[in-house]
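Architecture and fold: a report
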Amino acid sequence: MKKTCAFLILFLLSFISAAIASDAIIVVANTDDKSIQLSRQQVRNLFMGGVIPYDLKAVALPPENQTRVLFNTKVVGLTESRIQSYWAQMRFTGRKTAPKEVKSEDLVLKYLENNDGAVGYLPAGIALPNDLTIIYTIQ
Amino acid sequence: MILILLGISPVASAADDKLQFSGFARLVLGHLDDKNAEYVGYDNSISLDQQSLLGLQADYHLSDSFSLTSQFVGYTEDQRNSGLQWLYLTYHPNNALQVKLGRQRIPFFNYSDSLDVGFAYPWLTLPQQFYDTAFFSTFDGILANYQFAINDWLINYEGYWGRFDDKIYLSTQEINTKVIGLVGINATVAYKNFSLRASYNQGDVNIEQDEAELFSQLLRQVGFTQSADWLNANGLIEFYQFSANYENLNYFVRSEIAKMVGEGGLVADIDSFYISAGYNFYPYTLYISYGKKDLHFDHLANEIPFGVSPELDVLAATYLGALAQFPDDKSAGTKIGLRWDVLSNLALKTEVTYVEANDEISNDYAVKDLGGFDGEAILYQLAIEWVF
């Protein structure tokens, strides 16, 4: 019985997290080429260390950040723990290293402005400086 | 030791950008419910010293495209040599190409190069019936990796060439082994949440088996060339691997199948596979898994006649005795487990494995018969997995 209850609670929790996940996410780049538009798969590759046709470099938010949780859910399609174990495998087999982590959304904006080719994800509706380009949006 | 390192880790992360330290550790507690058997080194007592380990890695960036990596792993288990597991120079001119030169892990299977990093996979113990069959894990040589994307497909080619010259451990003995012309290629194709991997590996193996060699020479002198040829552990070994994986936010399916074919009579042919499915309810992952190994020798019928002369009788008996030392070995493992990601770099795992070895057990692999084993046992395990 206890087990059933635990499962029910977890099941409900997954609905609640799905409800929170209705906010839109934008992927923003500091790039001279304003025409760049990425597909979801390209964004996923970019943030998981895969290749894409452009010379862009990803920055991420820390694991506990809510925007990161949304990004994992909507774009990467993996849980945080799976992403962490993926990066552990990549790092200790010398294949790839995880994107640089920046502490908050505001600091991501600052970082993007100061670094050519940098790409980060942010909640839609955040005020963007003119020199940054939205290269992907997901509702 | 681990406690000391817990203290060190904040210092390590604050280190100079050019030189980076990182590491992984696992503390694994296990107990087998059977007095008459041993499985993955665990017996009827509660032990901490089978899979617990500590790995430390240092990466030094020489320039934008060159870096030097070393990884040291200290094992508590006595059948694995603690020491340098990786030491290589990486040339990484862009995101697509990577070339590594030095001592590296062999990428036979999906997790061959990250066996020790328990944090990187869901299981507590890798499906042993499958991962038991890669006898050596490092090589000295060159490995190149090239990745490209076509639309939503991500394709990765990897090839390596090198040699292995060290001891391998089969429970009954340590065997000096030399593999030259070790070469392999693998390709991974990923599309959305699917990925497929296929690999082919081969090497010319030279195994030091003095007794078998002497006996083989003797047989050849007397004219039993077939038997003499069979008692040969050397020759080409080939590994084929194929795997299919699917994962999304809620669940995963992982599977791998492999075949090893050995040219020498004393080298077994092995067919093995596992399939595993898991359900994620963050921060927990619940999984089940089934793995099977079928290891068999092409046993040759005895061509030495009995009853002709006492000398031949001795020879025939010795030959049969030698054959008996290489029994086939079949086993299966079914497991259920739970992983709890407590922190973003720390996970707790618990796993129960039901092991079956109903037919033959050679005592050379994960399952060992200590006498009177009925072929069934259950392994209970708890683990802390940590990366820093």
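Quick note: structure is the one above.
Attention in this report is confined to the structure presented alongside it. Sequence positions are assigned chain by chain, starting from 1 and proceeding in written order. Key to labels: chains lettered from A, ligands numbered from 1, both in the order written. With pLDDT at 70 or above as the cut-off, local features in this predicted model cover only qualifying residues; side-chain atom pairs require 80 or more to be listed or tallied, and sums for whole chains, interfaces and linings still use all residues. With hydrogens and water set aside, each side-chain value is computed from the structure's full complement of heavy atoms.

Per the secondary structure count, chain B includes 5 helices and 19 strands. As defined in this context, the radius of gyration uses C-alpha atoms, and a globule is described by 2.2 Å times the residue total to the power 0.38. At 23 Å, chain B has a C-alpha radius of gyration in line with the 21 Å of a compact globule built from 388 residues. The principal-axis extents of the C-alpha atoms in chain B amount to approximately 80 × 45 × 45 Å. Here's how the labels work: a residue is buried when its accessible area is under 20% of the maximum for its type, exposed when over 50%, partly exposed in between, all with a 1.4 Å probe on protein chains only. The 388 residues of chain B split such that 47% are buried. Residue contacts are defined here by distance: any two heavy atoms, one from each residue, within 4.5 Å place the two residues in contact. The long-range fraction of contacts in chain B, counting pairs at least 24 apart against all pairs at least 6 apart in sequence, stands at 61%. Secondary structure elements are defined from DSSP: runs of H or I of at least 4 residues count as helices, runs of E of at least 2 residues count as strands, and each element is numbered from the N terminus.

If you look at the interface, chain A gives 28 residues, while chain B gives 40 residues. Once two parts are brought into contact, the accessible area they lose, counted with a 1.4 Å probe and summed over both, makes up the buried area. Between chain A and chain B, a total of about 2,900 Å² is buried, with carbon and sulfur atoms accounting for 54% of that surface. By salt bridge we mean one thing: a side-chain nitrogen of Lys or Arg within 4 Å of a carboxyl oxygen of Asp or Glu. Where chain A meets chain B, there are 3 salt bridges. R95(A) is the partner of D113(B) in a salt bridge, and the nearest nitrogen-oxygen pair spans 2.5 Å. The term polar contact refers here to a pair of N or O atoms within 3.5 Å; inside protein, the definition further demands a hydrogen-donor-capable atom paired with an acceptor-capable atom, and it admits residues adjacent in sequence only when both atoms are side-chain atoms. Linking chain A with chain B are 15 residue pairs in polar contact (both at pLDDT 80 or more), by the criterion used here.

Let's shift gears to a negative patch on the surface. All names here are of chain B. What goes into a patch is any residue over 30% in relative accessible area without a salt bridge, connected to like charges within 9 Å or, for nonpolar side chains (Val, Leu, Ile, Met, Phe, Trp, Tyr), within 5 Å. To measure how exposed things are, a 1.4 Å probe is used in the Shrake-Rupley method; for residues, cover is taken only from the protein chains shown. Asp and Glu count as negative and Lys and Arg as positive, but His and the ends of the chain are not part of the count. Lys charges are placed at NZ, Arg charges at CZ, Asp charges at CG and Glu charges at CD. Together, E208, D210, E211 and E213 give the surface a local cluster of negative charge. As for its placement among the helices and strands, E208 is situated in the loop between β11 (194-207) and α3 (210-222). Taking relative accessible area as the criterion, E208 reaches 44% and is therefore assigned partly exposed.

Packed helices, taken two at a time, are described by their axes: the angle between them and the distance between them. Residue and element names in this part refer to chain A. Think of each axis as a best-fit line through the C-alpha atoms, taken over the contacting stretch in the case of a helix, with angles from 0 to 180 degrees between the N-to-C directions. Remark: helix α3 (residues 66-76) packs on helix α4 (residues 80-92), axes separated minimally by 10 Å, with the N-to-C direction vectors making an angle of 85 degrees. Classified by the angle their axes make, α3 and α4 are roughly perpendicular. Here R68, N72 and V76 of α3 lie close against α4, whose contacting residues are E80, I83 and Q84. Partitioning the contact of α3 with α4 into residue classes produces 2 nonpolar, 2 polar and 2 charged. Each angle is binned into one of four classes, with values under 35 degrees roughly parallel, values over 145 roughly antiparallel, values of 65 to 115 roughly perpendicular, and all other values oblique. Each residue gets one label: Ala, Val, Leu, Ile, Met, Phe, Trp, Tyr, Cys and Pro are nonpolar, Asp, Glu, Lys and Arg are charged, and the others, such as Gly, are polar.

The next point concerns the nonpolar core. Among the buried residues, those of types Ala, Val, Leu, Ile, Met, Phe, Trp, Tyr and Cys that are joined through side-chain atoms within 4.5 Å form a nonpolar core. Among the nonpolar cores identified, the biggest contains 65 residues, and Y39(B), F136(B), L182(B), L219(B), L231(B), I304(B) and Y319(B) are the most heavily contacted of them. Counting residues per element, this core draws most heavily on helix α5 (residues 310-324) of chain B, which supplies 6 residues. Excluding residues within four positions of it along the chain, F136(B) makes contact with I106(B), F108(B), F164(B), I168(B), V179(B) and L182(B). Counting residues in each nonpolar core, the second largest holds 38 residues, with V43(A), A58(A), L61(A) and Y86(A) among its members.

Another aspect to go through is a nonpolar patch on the surface. Residue and element names in this part refer to chain B. Together, L27, L29, I46, L48, L382 and I384 make up an exposed nonpolar region whose accessible area comes to about 510 Å². Contributing elements (two or more residues each) for the nonpolar patch: β1 (19-32) and β19 (376-387). Relative to the helices and strands, I46 is located in strand β3 (residues 46-47).

This part covers the environment of N81(B). All names here are of chain B. When you line up the elements, N81 lands in the loop between β5 (66-75) and β6 (83-91). Note on N81: relative accessible area 39%, which makes it partly exposed. Spatially, the C-alpha atom of N81 lies 14 Å from that of R105, the residues being 24 residues apart in sequence.

With that out of the way, let us pick up the environment of A377(B). Residues and elements named next belong to chain B. Mapped onto the elements of the fold, A377 is located in strand β19. For A377 and D33, which are 344 residues apart along the polypeptide, the C-alpha to C-alpha distance reads 6.2 Å. Ignoring sequence-local partners within four residues, the contact set of A377 consists of L32, D33, D34, T353, Y354 and V355.

Residue and element names in this part refer to chain B. Each residue after the first adds 1.5 Å to the expected span of a helix. For α5, built from 15 residues, the straight-helix expectation of 21 Å at 1.5 Å per residue is met to within 8% by its first-to-last C-alpha distance of 21 Å. Those residues of α5 lying buried are L312, L315, A316, Y319, A322 and L323. Down the axis of α5, the buried set is contained in an arc of 120 degrees. They therefore lie on one face. Exposed side of α5, more than 90 degrees from the buried face: P310, V314 and A324 are the residues found there. Looking at the packing, one finds that the buried side of α5 touches α3 and α4 (225-230). This arc describes the spread of directions from the helix axis toward the C-beta atoms.

Bringing the pattern of salt bridges into the picture now. If the charged atoms of two oppositely charged side chains come close together, the side chains can form a pair. Residue and element names in this part refer to chain B. If you walk through the whole model with that rule in mind, you get 19 salt bridges over all chains. Between R105 and D116 there is a salt bridge, and its shortest N-O distance comes to 2.8 Å. Here R105 is found in strand β7 (residues 97-105), whereas its partner D116 is found in the loop between β7 and α2 (128-131), with 11 residues between them in sequence. In this structure, D294 engages K330 in a salt bridge whose closest nitrogen and oxygen atoms are separated by 3.7 Å. Residue D294 is found in strand β15 (residues 284-296), and its partner K330 is found in strand β16 (residues 329-343); the two are separated by 36 residues along the sequence. Overall, K330 belongs to the partly exposed group, its relative accessible area being 27%.

This part is about the sheet that holds strand β2 (residues 57-60) of chain A. All names here are of chain A. Between any two strands, pairing holds if DSSP finds at least two bridges. If you trace the 5 strands from one edge of the open sheet to the other, you get β3-β2-β4-β1-β5, paired in mixed fashion. Whereas interior strands pair on both sides, the edge strands pair on one side only; in this sheet they are β3 (100-101) and β5 (133-138). Examined bridge by bridge, β2 and strand β4 (residues 118-123) share 2 bridges and lie parallel to one another. Across the sheet, A58 pairs through a bridge with V119, a residue of β4. Packed onto the sheet, helix α2 (residues 40-47) meets β1 (25-29), β2, β4 and β5 and runs at close to 115 degrees relative to β4. Lying over the sheet, helix α5 (residues 105-114) contacts β1, β2, β3 and β4, oriented at roughly 150 degrees with respect to β4.

Our next topic: the side chain of T177(B). With respect to the element layout, T177(B) can be found in strand β10 (residues 173-191). Once you skip the residues sitting within four places of it in the chain, T177(B) turns out to touch F164(B), D165(B), D166(B), I168(B), V205(B), N206(B) and I207(B).

A few words on unusual backbone geometry. Residue and element names in this part refer to chain B. That bond from Y282 to P283 is cis: its omega, 5 degrees, falls within 30 degrees of zero. By the element assignment, P283 lies in the loop between β14 (269-281) and β15. Positive phi, close to 50 degrees, is recorded for K192, a residue that is not glycine. Looking at where K192 falls in the secondary structure, it is placed in the loop between β10 and β11. Judged by relative accessible area, K192 falls into the partly exposed class, the value being 42%.

What is shown is where atoms sit, not what they do.
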